[in-house]
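If you want the building blocks of each chain, they are given just below.
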Amino acid sequence: SWATGLILIAGLLLSRADLKPWTSHGDGEAEAVRVVWGPTAASAVVRDGAGKLRLFVDRHHGMGGERGVFIERRQGHIPMLLHGEARSVLVVGVGTGNTIGAILRHDLETLEAAESLGSVLKMIDLFEATNMRLWRDERARIVQTDGHALLRRSRAQYDVIVSDLVHPWRGGAAGLYTVDHLRLVRSRLSPGGLFCFWLPLHELSDDDLAIVVATFLEVFDDGTALLGHLGWRQPIMALIAGGPRDGRVLLDRDRLLSLLGEMPASVLSETDLEQPEDLQSLYLGGRGFLEELARDAPVTTWDRPFLAYRSATTWWRGTEHLGERSLSAVLAKRRDLDEVVGDDENAKRRHEAVAILLRAELAEAAGELQEAEQGY
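Note that the coordinates shown come from a computational prediction; the quantities given were computed from them, not determined experimentally. (Residues numbered from 1 in each chain as written. Predicted model: local features only at pLDDT ≥ 70, side-chain atom pairs only at ≥ 80, totals over all residues. Heavy atoms only, no water.)

Details of the packing of aromatic side chains
Applying the stated criterion across every chain yields a total of 4 aromatic pairs. Both rings, one in Tyr-177 and one in Phe-197, keep their centres 5.4 Å apart while their planes meet at 45 degrees; by these two values the pair is tilted. Placement of Tyr-177 in the loop between β8 (158-163) and α6 (179-187) and of Phe-197 in strand β9 (residues 189-200) is noted, with a sequence separation of 20 residues between them. Feature note: the residues Tyr-177, Phe-195, Phe-197, Phe-216 and Phe-220 constitute an aromatic cluster, connected by ring pairs. (Phe/Tyr/Trp six-rings, centres within 6.5 Å; stacked < 30°, edge-to-face > 60°. Helix = DSSP H or I, 4+ residues; strand = E, 2+ residues; numbered from the N terminus.)

Section: the pairing of strand β1 (residues 31-37)
In this sheet, strand β2 (residues 42-47) lies alongside β1 in antiparallel orientation, the contact comprising 6 bridges. Paired with Val-35 across the strands is Ala-44, a residue of β2. Hairpin remark: β1 followed by β2, antiparallel, with 4 residues in the connecting loop. (Pairing = 2+ DSSP bridges.)

Describing a nonpolar patch on the surface
A cluster of nonpolar side chains, namely Leu-230, Leu-357 and Tyr-376, defines an oily patch on the protein surface of about 270 Å² accessible area. By the secondary structure assignment, Tyr-376 is in the segment after α17 (369-375). (Patch = residues over 30% accessible without salt bridge, like charges linked within 9 Å, V, L, I, M, F, W, Y side chains within 5 Å. Areas by Shrake-Rupley, 256 points an atom, 1.4 Å probe, with all protein chains shown as cover. Salt bridge = Lys/Arg side-chain N within 4 Å of Asp/Glu carboxyl O.)

Remarks on the sheet that holds β8
Here we have 8 strands laid out as an open sheet, ordered β7-β6-β5-β8-β9-β11-β10-β12, and mixed in their pairing. Every interior strand has two partners, whereas the edge strands, β7 (140-144) and β12 (283-285), have only one. Across the sheet, the mean angle separating the axes of adjacent strands is 20 degrees when strand polarity is ignored. Of the pairings in the sheet, the one linking strand β10 (residues 224-227) to strand β11 (residues 236-242) comprises 4 bridges and is antiparallel in character. Across the sheet, Thr-224 pairs through a bridge with Ile-240, a residue of β11. Packed on one face of the sheet, helix α2 (residues 69-83) meets β5 (88-92), β8, β9, β10 and β11 and runs near 155 degrees to β9. (Axes fitted to C-alpha atoms, helices over the stretch in contact; angles between N-to-C directions. Contact = heavy atoms within 4.5 Å.)

Observations concerning unusual backbone geometry
Residues other than glycine seldom take positive phi values, yet Arg-295 does so here, at roughly 50 degrees. Structurally, the position occupied by Arg-295 is in the loop between α12 (287-294) and α13 (306-317). Taking the relative accessible area as the measure of exposure, Arg-295 reaches 48% and is therefore partly exposed. (Buried < 20%, exposed > 50% of the residue type's maximum accessible area, 1.4 Å probe, protein only.)

Quick notes on the packing of α6 against helix α7 (residues 206-219)
Orientation of α6 relative to α7, taken along the N-to-C sense of each, is 40 degrees, at an axis distance of 9 Å. Comparing their axes, α7 and α6 come out oblique. Considering how the two elements wind past one another, α6 and α7 form a crossing that is right-handed. On α7, the residues that touch Val-179, Leu-182, Arg-183 and Arg-186 of α6 are Thr-215, Phe-216, Glu-218 and Val-219. In terms of residue class, the contact of α6 with α7 is made up of 4 nonpolar, 1 polar and 3 charged. (Parallel < 35°, antiparallel > 145°, perpendicular 65-115°, else oblique. Left-handed = near helix turned anticlockwise from the far one by under 90°. Nonpolar A, V, L, I, M, F, W, Y, C, P; charged D, E, K, R; others polar.)

Focus on the nonpolar core
Grouped together as the largest cluster of nonpolar side chains are 90 residues, with contacts concentrated most on Leu-111, Phe-195 and Met-237. Considering each element in turn, this core owes the most residues, 8 residues, to α7. When neighbours within four sequence positions are excluded, Leu-111 is seen to be in contact with Val-89, Val-91, Ile-100, Ile-103, Leu-104, Arg-139, Ala-140 and Arg-141. Ala-41, Leu-53, Leu-55 and Val-120 belong to the second largest nonpolar core, which has 10 residues in total. (Core = buried A, V, L, I, M, F, W, Y, C linked by side-chain atoms within 4.5 Å.)

Here you go:
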């Protein structure tokens, strides 16, 4: 109809438009550097009061930026280091491109990445100082499409598949958490391939997380959970499947020493991943830990999208302090490092020190200063 035609034309025009002004979601003075309105979402890069660039989608959803480079790069380095020999990589989600830029610093042959929002892809050149100008790397192919659609069309096998942080309540995003999608991911892993599923703990309630983990265990027989970094404000967790057959091999000290020794020291130092203990100390647990998180939660599928319903409720109730609550719950169930390192006392002391540090940070955030001081 003529109305449909007008909507399509408007969407096309808006997808090409840079519109100002734009009010930043955050603290301090802010300046809109670029705003792109697309047919499904509006994206903006904002320079905050400290002069740092940040990427937003639909005003509210922070998608990273120069303040988050450390964490975003770790999201790429950790799965690549754990695999150790990846030549073909697929990344679901592009955002600022900082995670992909980190992955491209490894010795791989091909990288494919899917980003469903064209307005986001029009921003990656603004982050050239941190994303290694990934669009100029001949090994990389960036596609504007849904990650599931790219996997469904592809017949390639990948050594590493990374699912970047996804807001589960955004339209269609919860599909990337379903049994249907994860089964497709499993089918595209090469023999010995590794899947790294990054979860935003600061955006998932206990019930949301239980659904996600139950769904993961429905598809993958085993798994290892790791923290992404040592911080309480926006904690993230990785679910690792595939690769070495269990966490003991995955985090073996001699294996990690060898893999870390193959990387330039400058690359490892920028994300504090220089020693085996830097990875081992992130360990949360294996299958037993995951089963405890999952409890008796239902799995989420396309035709029974439990996570889509639940996460929308979480969003409307508000996510303030959700990161602290989720991190506290995860730390309470965290397993001893003995499960994967045996009698390595140095690694176990480091692992325990990390728990003490995080609990002290959480106590400080809650205003329990005496407990925080004791922990520090």
